[in-house]
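# An overview of the molecular structure
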Amino acid sequence: MRKTINLCGIIFVLASSIVYAEAEFDFEELMESIDNNSHNLQGNIASKDATATITLAKKMQSDFKLVEGFFEKRGNAADAVTDAKRYEDMAAEIVAFVEAGNFDSASVKAIEISNSCDDACHDTYKPL
């Protein structure tokens with residue numbers, strides 16, 4: 001019984017910290033990280049560093065998921081939610097391209113993410 005209570009306590013603490021971490025993040029810091037990672041991603045692709053590219057593209061997927069959640073909770077920003085989902089999908093496409101050894105297509109997609117971010121959210125929602 002004691003092991004069950006301890007296990008439940010650990011699960012509760014971990015779940016609470018995950019929910020708290022998701023709810024409590026600095027949006028501006030996240031946007032700056034995405035911007036920096038977008039440029040780093042292009043460099044990783046140019047140097048054909050598959051491992052670094054895949055790792056960073058997956059990080060960007062999770063970051064765009066946070067952006068999506070931020071704008072969903074904020075409301076009155078359906079376009080930003082749609083854009084964040086699209087960028088998340090584009091990051092997933094980069095992973096698939098690199099896994100297939102297609103760095104040229106990955107590069108085109110990475111540039112598209114960078115340009116689209118600048119044209120969409122940055123122009124409309126910055127500063128928040």
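Conventions used here
- Residues numbered from 1 in each chain as written.
- Predicted model: local features only at pLDDT ≥ 70, side-chain atom pairs only at ≥ 80, totals over all residues.
- Heavy atoms only, no water.
- pLDDT = per-residue confidence, 0-100.
- Contact = heavy atoms within 4.5 Å.
- Helix = DSSP H or I, 4+ residues; strand = E, 2+ residues; numbered from the N terminus.
- Buried < 20%, exposed > 50% of the residue type's maximum accessible area, 1.4 Å probe, protein only.
- Core = buried A, V, L, I, M, F, W, Y, C linked by side-chain atoms within 4.5 Å.
- Patch = residues over 30% accessible without salt bridge, like charges linked within 9 Å, V, L, I, M, F, W, Y side chains within 5 Å.
- Areas by Shrake-Rupley, 256 points an atom, 1.4 Å probe, with all protein chains shown as cover.
- Salt bridge = Lys/Arg side-chain N within 4 Å of Asp/Glu carboxyl O.
- Lys, Arg positive; Asp, Glu negative; His and termini not counted.
- Charge placed at Lys NZ, Arg CZ, Asp CG, Glu CD.
- Axes fitted to C-alpha atoms, helices over the stretch in contact; angles between N-to-C directions.
- Parallel < 35°, antiparallel > 145°, perpendicular 65-115°, else oblique.
- Left-handed = near helix turned anticlockwise from the far one by under 90°.
- Phe/Tyr/Trp six-rings, centres within 6.5 Å; stacked < 30°, edge-to-face > 60°.

### Points about the confidence of the model for the protein
Of the residues in the protein, 73% reach a pLDDT of 70 or more, and the chain-wide mean stands at 82. Predicted confidence for residues 4–22 stays below pLDDT 50, and this span has 1 contact to residues more than four positions away or in other chains.

### Structural notes on the side chain of Glu68
If you trace the backbone, Glu68 turns up in helix 3 (residues 50–74). Given a relative accessible area of 6%, Glu68 falls into the buried group.

### A few points about the nonpolar core
Judged by nonpolar contacts, the single largest core of 28 residues is most densely connected at Leu41, Val67, Ile94 and Ile113. For this core, the leading source of residues is helix 4 (residues 78–99), giving 9 residues. Each residue touching Leu41, except ones within four places of it in the same chain, is listed here: Thr53, Leu56, Ala57, Met60, Ile94 and Ala110.

### With respect to the environment of Ala96
By the element assignment, Ala96 lies in helix 4. Sequence separation of Ala96 and Ala106 is 10 residues, and the distance between their C-alpha atoms is 8.4 Å.

### A word on a negative patch on the surface
Among the surface-exposed residues, Asp26, Glu28, Glu29 and Glu32 lie close enough to one another that they form a single negatively charged patch. A relative accessible area of 53% means that Glu32 is categorised as exposed.

### A look at the packing of helix 2 (residues 27–46) against helix 3
For the pair helix 2 and helix 3, interaxial distance at closest approach is 10 Å and the crossing angle is 155°. Looking at the two axes, helix 2 sits roughly antiparallel to helix 3. Crossing handedness for the pair helix 2 and helix 3: left-handed. Packed against helix 2, whose contacting residues are Phe27, Leu30, Met31, Ser33, Ile34, Asn37, Ser38, Asn40, Leu41, Asn44 and Ile45, the element helix 3 presents Ala52, Thr53, Leu56, Ala57, Lys59, Met60, Asp63, Phe64, Leu66, Val67, Phe70 and Phe71 at the interface.

### A short note on the packing of aromatic side chains
The final tally for this structure, using the stated rule, is 4 aromatic pairs. Consider the rings of Phe27 and Phe70, whose centres lie 3.9 Å apart with planes at 20°: the pair is stacked. Residue Phe27 is found in helix 2, and its partner Phe70 is found in helix 3; the two are separated by 43 residues along the sequence. In this structure Phe70 comes out as partly exposed when scored by relative accessible area, which is 25%. With a centroid separation of 5.4 Å and 50° between ring planes, the pair formed by Phe64 and Tyr87 is classed as tilted. Of this pair, Phe64 sits in helix 3 while Tyr87 is found in helix 4, placing the two residues 23 residues apart along the sequence. Of the residues examined, Phe64 reaches a relative accessible area of 2% and is grouped as buried. Grouping aromatic residues by their ring pairs yields a cluster made of Phe27, Phe70 and Phe71.

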